[in-house]
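# Architecture at a glance
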Amino acid sequence: MQDSIIQCIEDMEKQILDMDTSGSGAGETVDALGLSNMRLSSAGVIALLDMLTEGITPLNNDIVSAMLGICEAQKKFFFALGGLLEGSGEALGKIKTKTAPVRKESESEAEAARIFDEAATAESEHPEEATKDDPKETEAKPQAKAERIAAPQAISSIRVATDRLDRVIELVGKLMVTYAVIAQGGAQNLTQVASSLRELDHVINNLQKEVNAIRLVPLKQIFLPMHRLVNSLSQKIGKKINFTVKGEDLALDKTIVECLNEPLVHLLRNAVDHGVEDIEGRKTAGKVETGEVVLEAWRKGDSAFIQVRDDGKGLHPDRILNKAIEKGLAEPDKKYETSEILQFVLQSGFSTAEQITDVSGRGVGMDAVVNAIRVTLDGDIEIQSEVSKGSAFTISIPLDRSANQGIVEALVCKVGGDTFIVPSRDVREIYMPRTNDVVQLPDGRETVDVRGEIHSLLRLADLLGLTAEQEDIEKAQTIVVRVGDYKAAILVDEVLKQQQVVITGFTVPVEEIFHIPILGYGMMGESDALVLDTEKMLQHFENSIHLKSTASLT
């Protein structure tokens, strides 16, 4: 019964989002919500519904948010009828569902549970509170929270304009015609073949651009549910919040949009709960009762920026520095710039919250936000704050980052007679080391000095169980890669070239069966090669070093 209720509500929420995207279908949506069957005594209210149904009243974010709120209320109502809701609406967050973690274009029940019931954050900061629960359950909660951040929910469908599909079909037709010209001409007329190949390259480039454009998803898809999140949280903690969204029409790659939802939820929860003061606090500070929270997105050059800002009390650098010194994150005698001090709130488990709430603590979970932004999206997060004026968290994301599948720029290298592919998004430079640049540490690790900067040296042949063909390290090459804040140098026999490759996944979960850091395989035209997953490879390397050092101690 529970799954049936959730599915029905999700279908209605999808219809509402489709209505907002297309700008039509308000009448069908009103019927689906049951509003047209209500017995209303006021002729004015009936007229308003008729105006919305007939398209006289234009759709806006307030109407869409209100409809989504009706869906939430109906879900609680059906849960109550089925005996699934005990006590109050707060029990909704504790209901376990069996729905798959797939985003439907609106929040699922699991998403609602995560938004309204995340008391584990407070428990992890205050172990004396956590001892009241089962220790095993308490230990599992932070791990489950981290998994939710690390595994963004997928967007299952994308709305594509028909004119864009027409252009793709047209380009495919040109591709077929050009191929036929080359195939029929043979090698007799080399001038015609060369001209056809140039035309083929032009068509392929245009086709790639169109396909990449099809993957673009407007941020509205994840920004709209944030209205309900902020409204619910502000009502729950008794604050007046004026929530403004700007730039929701900005379209980004679906991979980026999928990964942005979780970090934005954390930032908005922190802004509402600990950024904006309560009504009495704002009166004391000489501010109006209603606080301002703004979610804004814009594009500048080859980067996209998403900012969450508030006009609350801001972050106090002195308190943050004292807390960082107390936790051993900062040196007592060192002088830090304000920007450096604010970065401490991004550290794992760091919090300056004065009061325990079941919503958030400024800094709690921020390490997970940093992991999603810097590692998954190869972006960065900047903090600006002024005491008693407010704070702003700005996420910057490079738009030229390659997806894990598709046409990407990559380095083709050779190790032990086999060919491997390293995605260029992680590569910083290629360096030919000298013997005296390499130092072996007591724990078995090796480091290499790359122009005065020390990096961990990872011998790819040893990691993959191969025999390196180039024994002289001065004749080998290192590929310096960066994943998040971590840099390392991967030693290979030879870097062959840089080119575009088509990356595709395996039909079976090979990486899970053999536990190797392989992303998939890349098609290069004349041959195929395995694509290295740089992030997993570095993690695998660190784990193997840890196991070796542990074994040597025992």
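Computed from a predicted model, the values in this text were never measured in an experiment.

### A few points about the overall build of the protein
Along the protein, the regular secondary structure elements total 19 helices and 20 strands. A total of 554 residues make up the protein; the buried ones form 42% of that total. Relative to all contacts within the protein whose residues are 6 or more apart in sequence, the contacts with residues 24 or more apart total 67%. Here the protein displays about 29,000 Å² of accessible surface, and carbon together with sulfur accounts for 51% of that area.

### Thoughts on a nonpolar patch on the surface
Together, L48, M51 and I56 make up a nonpolar patch on the protein surface, roughly 290 Å² of accessible area in all. Positionally, L48 belongs in helix α3 (residues 43-53). What makes L48 exposed here is its relative accessible area of 55%.

### Comments concerning the sheet that holds strand β14 (residues 446-450)
Here six strands make up an open sheet; going across it, the order is β12-β16-β17-β15-β14-β13 and the pairing mixed. Among the strands making up the open sheet, the edge pair consists of β12 (427-431) and β13 (438-440). In this sheet, adjacent strand axes meet at a mean angle of 35° when their direction is disregarded. By the bridge criterion, five bridges tie β14 to strand β15 (residues 453-459) in an arrangement that is antiparallel. Each residue of the ladder has a partner; that of E446, found in β15, is L457.

### A closer look at the packing of helix α11 (residues 220-237) against helix α12 (residues 254-275)
In a packed pair of helices, the relevant descriptors are the angle between the two axes and the axis-to-axis distance. Contact geometry of α11 with α12 gives a least axis separation of 10 Å together with a crossing angle of 25°. The orientation of α11 with respect to α12, classified from their angle, is roughly parallel. Classified by chirality, the crossing of α12 by α11 is right-handed. Across from I222, F223, M226, L229, V230, L233, S234 and I237 in α11, the residues of α12 making contact are V257, L260, N261, L264, V265, L268, R269, V272 and D273.

### Looking at the pattern of salt bridges
The tally for this structure, following the rule as stated, stands at 23 salt bridges. Residue D253 pairs with R215 through a salt bridge whose shortest N-O separation is 2.9 Å. Here D253, found in strand β5 (residues 251-253), pairs with R215, found in the loop between α10 (190-214) and β3 (216-218); they are 38 residues apart in sequence, far enough to count as distant. Residue classification places R215 among the partly exposed residues on the basis of a relative accessible area of 24%. Look at the salt bridges and you will find they share partners, linking E13, E72, K75 and R228 into a network.

### Quick look at the pairing of strand β8 (residues 380-386)
Alignment of β8 against strand β9 (residues 390-398), held across seven bridges, turns out to be antiparallel. Considered in β9, the bridge of I381 is made with I395. Between the antiparallel neighbours β8 and β9 lie three residues, among them S388 with a positive phi of about 70°.

### Regarding the sheet that holds β9
Spatial ordering of the open sheet is given by β4-β6-β7-β9-β8, a layout of five strands whose pairing is mixed. The open sheet is flanked by β4 (241-246) and β8, the only strands paired with a single partner. Strand-to-strand twist across the sheet, computed as the mean angle between neighbouring axes with direction ignored, equals 10°. Direction of pairing for strand β7 (residues 303-310) relative to β9: antiparallel, over a ladder of eight bridges. Bridge pairing in β9 links I306 to I395. Those strands touched by α11 are β4, β6 (291-300) and β7, and its axis lies near 170° from that of β4. Packed on one face of the sheet, helix α16 (residues 366-376) meets β8 and β9 and runs near 135° to β8.

### Focus: unusual backbone geometry
With a phi angle near 70°, S388 is a residue other than glycine that sits in the positive phi range. Tracing the backbone shows S388 in the loop between β8 and β9. For S388, a relative accessible area of 43% translates into the label partly exposed.

### Some remarks on α16
Turning to α16, its buried residues are M366, A368, V369, V370, A372, I373 and R374. D378 lies just past α16 and shows a positive phi near 60°.

### Overview of the environment of G520
Relative to the helices and strands, G520 resides in strand β19 (residues 518-523). What makes G520 buried here is its relative accessible area of 0%. The spatial distance from the C-alpha of G520 to the C-alpha of V510 is 8.7 Å, given a sequence separation of ten residues. Setting aside its immediate chain neighbours within four residues, G520 contacts T504, G505, F506, A529, L530 and V531.

### A look at α10
For α10, which comprises 25 residues, the first-to-last C-alpha distance of 36 Å matches the rise-based estimate of 36 Å (1.5 Å per residue) to within 8%. Among the residues making up α10, those that are buried are V193, S196, V203, L207, Q208, E210, A213 and I214.

### Details of the environment of E296
Assignment of secondary structure puts E296 in strand β6. Ignoring sequence-local partners within four residues, the contact set of E296 consists of K246, F305, I306, Q307 and R309. At 2.8 Å, the side chain of E296 and the side chain of R309 are in polar contact.

### Thoughts on the side chain of D310
By the secondary structure assignment, D310 is in strand β7. On the basis of relative accessibility, which here comes to 8%, the residue D310 falls in the buried class.

### Brief notes about the packing of helix α1 (residues 2-22) against helix α4 (residues 61-81)
Where α1 contacts α4, the axes come no closer than 10 Å and their chain directions differ by 170°. What the angle tells us is that α1 and α4 run roughly antiparallel. Contacts from Q2, I5, I6, I9, M12, E13, I16, M19 and D20 in α1 reach V64, M67, L68, C71, Q74, K75, F78 and F79 in α4.

### Overview of the nonpolar core
Ranked by size, the top nonpolar core spans 52 residues in total, and within it L219, F223, L260, L264, L268, L295 and I306 carry the most contacts. Here this core takes ten residues from α12, the largest share from any one element. Among the nonpolar cores identified, the runner-up in size contains 22 residues, and V422, L463, I490 and M537 belong to it.

### So, the environment of N205
Position of N205 relative to the elements: it lies in helix α10. In this structure the C-alpha to C-alpha distance between N205 and L171, which are 34 residues apart in sequence, comes to 10.0 Å.

Cut-offs applied
Residues numbered from 1 in each chain as written. Predicted model: local features only at pLDDT ≥ 70, side-chain atom pairs only at ≥ 80, totals over all residues. Heavy atoms only, no water. Helix = DSSP H or I, 4+ residues; strand = E, 2+ residues; numbered from the N terminus. Buried < 20%, exposed > 50% of the residue type's maximum accessible area, 1.4 Å probe, protein only. Contact = heavy atoms within 4.5 Å. Areas by Shrake-Rupley, 256 points an atom, 1.4 Å probe, with all protein chains shown as cover. Patch = residues over 30% accessible without salt bridge, like charges linked within 9 Å, V, L, I, M, F, W, Y side chains within 5 Å. Salt bridge = Lys/Arg side-chain N within 4 Å of Asp/Glu carboxyl O. Pairing = 2+ DSSP bridges. Axes fitted to C-alpha atoms, helices over the stretch in contact; angles between N-to-C directions. Parallel < 35°, antiparallel > 145°, perpendicular 65-115°, else oblique. Left-handed = near helix turned anticlockwise from the far one by under 90°. Expected span 1.5 Å × (residues − 1). Polar contact = N/O pair within 3.5 Å; in protein donor to acceptor, adjacent residues only side chain to side chain. Core = buried A, V, L, I, M, F, W, Y, C linked by side-chain atoms within 4.5 Å.

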